[in-house]
Amino acid sequence: MITVSNVSVSFGGQLLFKDVELKFTSGNCYGVIGANGAGKSTFLKVLCGELEPTKGTVSKPEELRMSVLRQDHYAFDEFTVQDAVIMGNRRLYDIIQEKDALYAKEDFSDEDGERASVLEGEFAELNGWEAESDASKLIQGLGLPEEILSQKMESLTGNEKVKVLLKSILPRNPRR
């Protein structure tokens, strides 16, 4: 459950919205609607922790995985399709990147080994060993050939790109 308590956001003295009170409960679907400039994207940034509210709090369980489909679909153009899919679980993607950087070090230290051990544990908890096969299943489920996993996102049509990005953020295991 996500609880929004007394949240207000203003920019440069301009109030965007104020005193928002809301509870998102498990098992429900929610939509945010409103006119352009009403603060929908800003509110979603506050919900996912990307932006701090001017006032109030957003509370959510630590184990909650929240995914956001960004409006700028071109932001992923330099990534492979496989990386874009795995980025649907940003923490898993970050762990993979950090692990790869650690293991590539020529002067791998004891501290690096300890950090790698922690990362490996979290990687396993997040089903990291299945990430590539999950990405393949997802792509094939969209009716796209598995070979596109190694291509850059920029090579996809706009429609294909949105499908991949939307599908990548949907939970594969809703209980996680």
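Shown above is the structure to which this text applies.
Residues numbered from 1 in each chain as written. Predicted model: local features only at pLDDT ≥ 70, side-chain atom pairs only at ≥ 80, totals over all residues. Heavy atoms only, no water.

Student: Talk me through the overall build of the protein chain; I want residue IDs and the actual numbers.
Tutor: Looking only at helices and strands, the protein chain features six helices and three strands. Moving toward the C terminus, one meets the helices and strands of the protein chain in the order β-β-α-β-α-α-α-α-α. With the principal axes as the frame, the protein chain shows a C-alpha extent of 50 × 45 × 35 Å. Relative to its 176 residues, the protein chain shows a buried fraction of 30%. In the protein chain, of all internal contacts separated by at least 6 residues, the share reaching a separation of at least 24 is 55%. Of the roughly 11,400 Å² of accessible surface on the protein chain, a fraction of 50% belongs to carbon and sulfur atoms. Where the 21 positive side-chain charges of the protein chain centre and where its 29 negative ones centre are 10 Å apart. (Helix = DSSP H or I, 4+ residues; strand = E, 2+ residues; numbered from the N terminus. Buried < 20%, exposed > 50% of the residue type's maximum accessible area, 1.4 Å probe, protein only. Contact = heavy atoms within 4.5 Å. Areas by Shrake-Rupley, 256 points an atom, 1.4 Å probe, with all protein chains shown as cover. Lys, Arg positive; Asp, Glu negative; His and termini not counted. Charge placed at Lys NZ, Arg CZ, Asp CG, Glu CD.)

Student: Tell me about the packing of helix α3 (residues 90-104) against helix α4 (residues 110-125), and please be specific about residues and values.
Tutor: Their axes nearest at 10 Å, the elements α3 and α4 cross at an angle of 150°. The pairing of α3 with α4 is recorded here as roughly antiparallel in orientation. Taken as a pair, α3 and α4 cross one another with a handedness that is left-handed. Counting all contacts with α3, which are made through R91, L92, I95, I96, E98, K99, L102 and Y103, the residues of α4 involved are D112, R115, A116, L119, E120, E122 and F123. (Axes fitted to C-alpha atoms, helices over the stretch in contact; angles between N-to-C directions. Parallel < 35°, antiparallel > 145°, perpendicular 65-115°, else oblique. Left-handed = near helix turned anticlockwise from the far one by under 90°.)

Student: Pulling in residues and values, what's your account of the pairing of strand β2 (residues 14-24)?
Tutor: On any regular strand, side chains alternate: one points to one face of the sheet, the next to the other face. Bridging between strand β1 (residues 2-11) and β2 involves seven bridges; their strand directions are antiparallel. Considered in β2, the bridge of F11 is made with Q14. Here β1 folds back onto β2 in antiparallel fashion, the turn holding two residues, of which G12 has a positive phi close to 55°. (Pairing = 2+ DSSP bridges.)

Student: Can you tell me about unusual backbone geometry, naming the residues and giving the values?
Tutor: In this structure, N6 takes a positive phi of about 55° despite not being glycine. Judged by relative accessible area, N6 falls into the partly exposed class, the value being 30%. One non-glycine residue, D19, lies in the positive phi region at around 50°. As for its position among the elements, D19 is in strand β2. Among the residues examined, D19 registers a relative accessible area of 37% and is labelled partly exposed.

Student: Help me get a handle on the nonpolar core, residues and values and all.
Tutor: Ranked by internal contacts, the top residues of the largest apolar core, which has 25 residues, are V81, V85, I139, M153 and V164. When residues in this core are grouped by element, the largest group, five residues, is from α3. Once residues lying within four places of it in the same chain are set aside, the contact partners of I139 are V81, V85, L144, P145, E146, I148, L149 and V164. Ranked by size, the runner-up nonpolar core spans 10 residues in total, among them V7, F17, F43 and V46. (Core = buried A, V, L, I, M, F, W, Y, C linked by side-chain atoms within 4.5 Å.)

Student: Describe the pattern of salt bridges, naming the residues involved and giving the relevant values.
Tutor: Charged atoms that come close allow side chains of opposite charge to pair. Counting across every chain of the model gives seven salt bridges. Salt-bridge contacts for E122 lead to R91; the nearest nitrogen and oxygen are separated by 2.9 Å. Separated by 31 residues along the polypeptide, E122 in helix α4 and R91 in helix α3 bring together distant segments of the chain. Of the residues examined, E122 reaches a relative accessible area of 24% and is grouped as partly exposed. Judged by relative accessible area, which is 33%, R91 ranks as partly exposed. The closest approach of N and O atoms between E120 and K99, which form a salt bridge, is 3.2 Å. Placement of E120 in helix α4 and of K99 in helix α3 is noted, with a sequence separation of 21 residues between them. By relative accessible area, E120 is classed as partly exposed at 22%. With a relative accessible area of 7%, K99 lands in the buried category. (Salt bridge = Lys/Arg side-chain N within 4 Å of Asp/Glu carboxyl O.)

Read these as layout, nothing more, since geometry by itself doesn't imply function.
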